[in-house]
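What follows is each chain in one-letter form.
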Amino acid sequence: MPIVLVVTGVSGSGKSTVASLLAERLGLPFVDGDDFHTPESVARMSAGHPLDDQARGPWLALIRGWIDRQLATGEGGVVACSALKRRYRRALIGDPTRVRIVYLEGSRDLIGRRIAARHGHFMPAALLDSQFAALEPPGPDEDPITVGIEEGPEAIVAAVATRLGRSPGDLCG
């Protein structure tokens, strides 16, 4: 049965890096949720203004459409998407047995250092506090795969594989 993994966390937690590596290792298609933002939303965030729920609604609907198509075709996939609030994750997940949350957990200090060191991303460091303010970590009822980000992407992918019941040695690549 195909599965879609939604790799979540605040900006700077490593969602895109981990999700793309995870997709490669599992032989699944990858998309970055940032690619579904409208130019207006990107401009708003670039200017230092967080998106409100009204602006996020169409974005989440587009990502949910991709998830549904991947499941309908039997292909599965991996998507990087902040999905900071429970209601956003609910908007993305139809069947929790086929769509799993991978939550990348890290401290404000560590993520702040990462954001300060990266270049060319539309999300400014000034919005990190708003990300943590909006964050509702997934609860046990969401059955998340929660992984700390202190170690590198390879270790995170190995931890996710283990939680999926696959040994890291079974992964492609």
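Here goes a summary of the coordinates provided. (Residues numbered from 1 in each chain as written. Predicted model: local features only at pLDDT ≥ 70, side-chain atom pairs only at ≥ 80, totals over all residues. Heavy atoms only, no water.)

Focus: the pattern of salt bridges
If you walk through the whole model with that rule in mind, you get eleven salt bridges. The shortest N-O distance in the salt bridge between glutamate 154 and arginine 25 comes to 2.9 Å. Of this pair, glutamate 154 sits in helix α7 (residues 153–163) while arginine 25 sits in helix α1 (residues 15–26); the two residues are 129 residues apart in sequence, bridging distant segments of the chain. Given the relative accessible area of 17%, arginine 25 is considered buried. (Salt bridge = Lys/Arg side-chain N within 4 Å of Asp/Glu carboxyl O. Helix = DSSP H or I, 4+ residues; strand = E, 2+ residues; numbered from the N terminus. Buried < 20%, exposed > 50% of the residue type's maximum accessible area, 1.4 Å probe, protein only.)

Quick look at helix α3 (residues 53–72)
Taking 1.5 Å of rise per residue, 20 residues should cover 28 Å, and α3 covers 28 Å from first to last C-alpha, within 8% of that figure. For α3, the full list of buried residues reads Arg56, Trp59, Leu60, Ile63, Trp66, Ile67, Gln70 and Leu71. All buried residues of α3 project into a common sector of 135° when viewed along the axis, lining one side. Every exposed residue of α3 that faces more than 90 degrees away from the buried side is listed here: Gln54 and Ala72. Buried-residue contacts for α3 involve β1 (4–8), β2 (30–32), β3 (77–80), α4 (86–92) and β4 (99–105). Glycine 74 lies just past α3 and shows a positive phi near 80°. (Expected span 1.5 Å × (residues − 1). Arc of directions from axis to C-beta. Contact = heavy atoms within 4.5 Å.)

Observations regarding α7
For α7, every residue scored as buried is listed here: Ile156, Val157, Val160 and Ala161. All buried residues of α7 fall inside an arc of 140° around its axis, so they share one side. Where α7 is buried, its residues meet α1, β4 and β5 (145–148). Of the residues trailing α7, glycine 165 is marked for its positive phi of about 85°.

Examining the nonpolar core
Counting residues in hydrophobic clusters, the biggest one holds 46 residues, and the most contacted among them are Val6, Ile67 and Leu92. With sequence-adjacent residues up to four places away left out, leucine 92 is seen in contact with Val6, Leu60, Ile63, Arg64, Ile67, Cys81 and Ala83. (Core = buried A, V, L, I, M, F, W, Y, C linked by side-chain atoms within 4.5 Å.)

Some details on the packing of α1 against α7
Each packed pair of helices is defined by two parameters, the angle between the axes and the distance between the axes. Orientation of α1 relative to α7, taken along the N-to-C sense of each, is 55°, at an axis distance of 10 Å. Between α1 and α7, the angle is such that the two are oblique. The interaxial crossing formed by α1 with α7 has right-handed handedness. Where α1 approaches α7, its residues Thr17, Val18, Leu21, Leu22 and Arg25 are matched on the opposing element by Pro153, Glu154, Ile156, Val157 and Val160. Across the contact of α1 with α7, the residue classes break down as seven nonpolar, one polar and two charged. (Axes fitted to C-alpha atoms, helices over the stretch in contact; angles between N-to-C directions. Parallel < 35°, antiparallel > 145°, perpendicular 65-115°, else oblique. Left-handed = near helix turned anticlockwise from the far one by under 90°. Nonpolar A, V, L, I, M, F, W, Y, C, P; charged D, E, K, R; others polar.)

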